[in-house]
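Structure assessment
Here is what each chain is made of, one letter per residue.
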Amino acid sequence: MEHQLPPLNALRAFEATARHLSVKNAADELCVTAGAVSQLIKSLELHLGIPLFRRANRGIFLTDAGQAYLPPVRNAFRQISDATRRIAVPAETGILTVSATPFFASAWLVPRLKGFHDAHPDIDLQVVSSTALADFSRDGVDVAIRHGLGRYPGLISQRVLTVEIVPVATPALVRQFGTPASPSDLMRWPRVNDAERKAWQLWFEAQGIDDAKPARGPSFDDSGLLLKAVLAGQGAALLPAAVVADDLAEGRLVQLSDLGWLEDFAYYLVCPEGSRDRPKIAAFREWIAAESSRKAARPRRKTPVKAARSRAGS
């Protein structure tokens, strides 16, 4: 007698939890509570008669049975997704759903969307913010913009922005600490940091300074929060030049050095191969490519430090 198949929701909860090794992150992805995910996993373990996860040191790990069970479950979902994509006729509604990281959406994409609407008034954009790679077969996203190396199996990647990291601060801090004559001068400035507290050290090393002290000051796991801290005058920070260009041009921030640092990561537009030429997706791909090229070609307006000091004192 064949075993009855486990409930699909329980399998989805297992696959998501195994992928994240986190009940909370799986719950966020599935838009349910962590308690619901735990109950689904428990029901699946009861159905199978064997534990799939073990708990240790406030973390979770796959058991040997869980590790053996995960590949066929994942492959089954992938096969269903691929088969659905092959036979389904996508509805060409006027809504284009774009998933973007919160920082990219707020600092770069949203301020430029009027240009897309003017060029394509028949397409209504829906922007959703997320840092997880979109599941195009399940969450209704048409295109995603992600920060990474652009290597996403089964998807096409189109580079949008190369990330040049530059040091910035408010004009008030420049007035307080003086014009940095060299990168080493910034070692005495208050600084705000990325979550891993590595960016400043890497930037100093790129400028030939190997004796930078360990990073002090607050740190943030979101670049948008980091930007807000800088604008609030809490210290200097390293941020992508392309996404602070408007703040520099309008005098809210000052670039403290011409010496940047190119990250290995970049921002990429990502979508399934089979949908790249759908009219609304092709329109967005062409627009964002032109917009990023236009911004890259435009000479960067950097507020001179001395001019910023005079304005700050006026």
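A short tour of the structure in this document, coming up.

1. What about the nonpolar core?
The biggest cluster of nonpolar side chains holds 55 residues, and the ones touching the most others in it are F104, L109, I145 and F284. Sort the elements by how many residues they give to this core and strand β6 (residues 155–169) lands first, with eight residues. With near-sequence residues (within four places) excluded, F284 lies in contact with L96, V98, L109, F116, L125, V143, I145 and L269.

2. Thoughts on the packing of helix α1 (residues 8–20) against helix α2 (residues 23–30)
Between α1 and α2, the least distance of the axes is 8 Å, while the angle of their chain directions is 125 degrees. In terms of their interaxial angle, α1 and α2 are classed as oblique. The element α1 and its partner α2 pack so that their crossing is right-handed. Residues R12, A13, A16, T17, R19 and H20 of α1 form the contact with α2, whose participating residues are V23, N25, A26, E29 and L30. Classifying every residue of the contact of α1 with α2 gives five nonpolar, three polar and three charged.

3. With respect to the pattern of salt bridges
In the structure shown here, the tally under the stated rule is eleven salt bridges. The salt bridge partner of D142 is K280, with a shortest N-O separation of 4.0 Å. Taken together, the positions of D142 in the loop between β4 (124–129) and β5 (143–148) and K280 in helix α11 (residues 279–297) put the pair 138 residues apart, joining distant regions of the chain. Its relative accessible area of 5% is what places K280 among the buried residues.

4. Things to note about the packing of α2 against helix α3 (residues 34–48)
Any two packed helices are characterised by the angle at which their axes cross and by the distance between the axes. Axis separation between α2 and α3 bottoms out at 8 Å; the angle between their running directions is 105 degrees. One element, α2, and the other, α3, form an angle in the roughly perpendicular class. Two secondary-structure elements touch here, α2 through V23, A26, A27 and L30 and α3 through A34, V37 and S38. Broken down by class, the residue content of the contact of α2 with α3 amounts to six nonpolar, one polar and no charged.

Parameters and conventions
Residues numbered from 1 in each chain as written. Predicted model: local features only at pLDDT ≥ 70, side-chain atom pairs only at ≥ 80, totals over all residues. Heavy atoms only, no water. Core = buried A, V, L, I, M, F, W, Y, C linked by side-chain atoms within 4.5 Å. Buried < 20%, exposed > 50% of the residue type's maximum accessible area, 1.4 Å probe, protein only. Helix = DSSP H or I, 4+ residues; strand = E, 2+ residues; numbered from the N terminus. Contact = heavy atoms within 4.5 Å. Axes fitted to C-alpha atoms, helices over the stretch in contact; angles between N-to-C directions. Parallel < 35°, antiparallel > 145°, perpendicular 65-115°, else oblique. Left-handed = near helix turned anticlockwise from the far one by under 90°. Nonpolar A, V, L, I, M, F, W, Y, C, P; charged D, E, K, R; others polar. Salt bridge = Lys/Arg side-chain N within 4 Å of Asp/Glu carboxyl O.

Read these as spatial facts, not as claims about activity.
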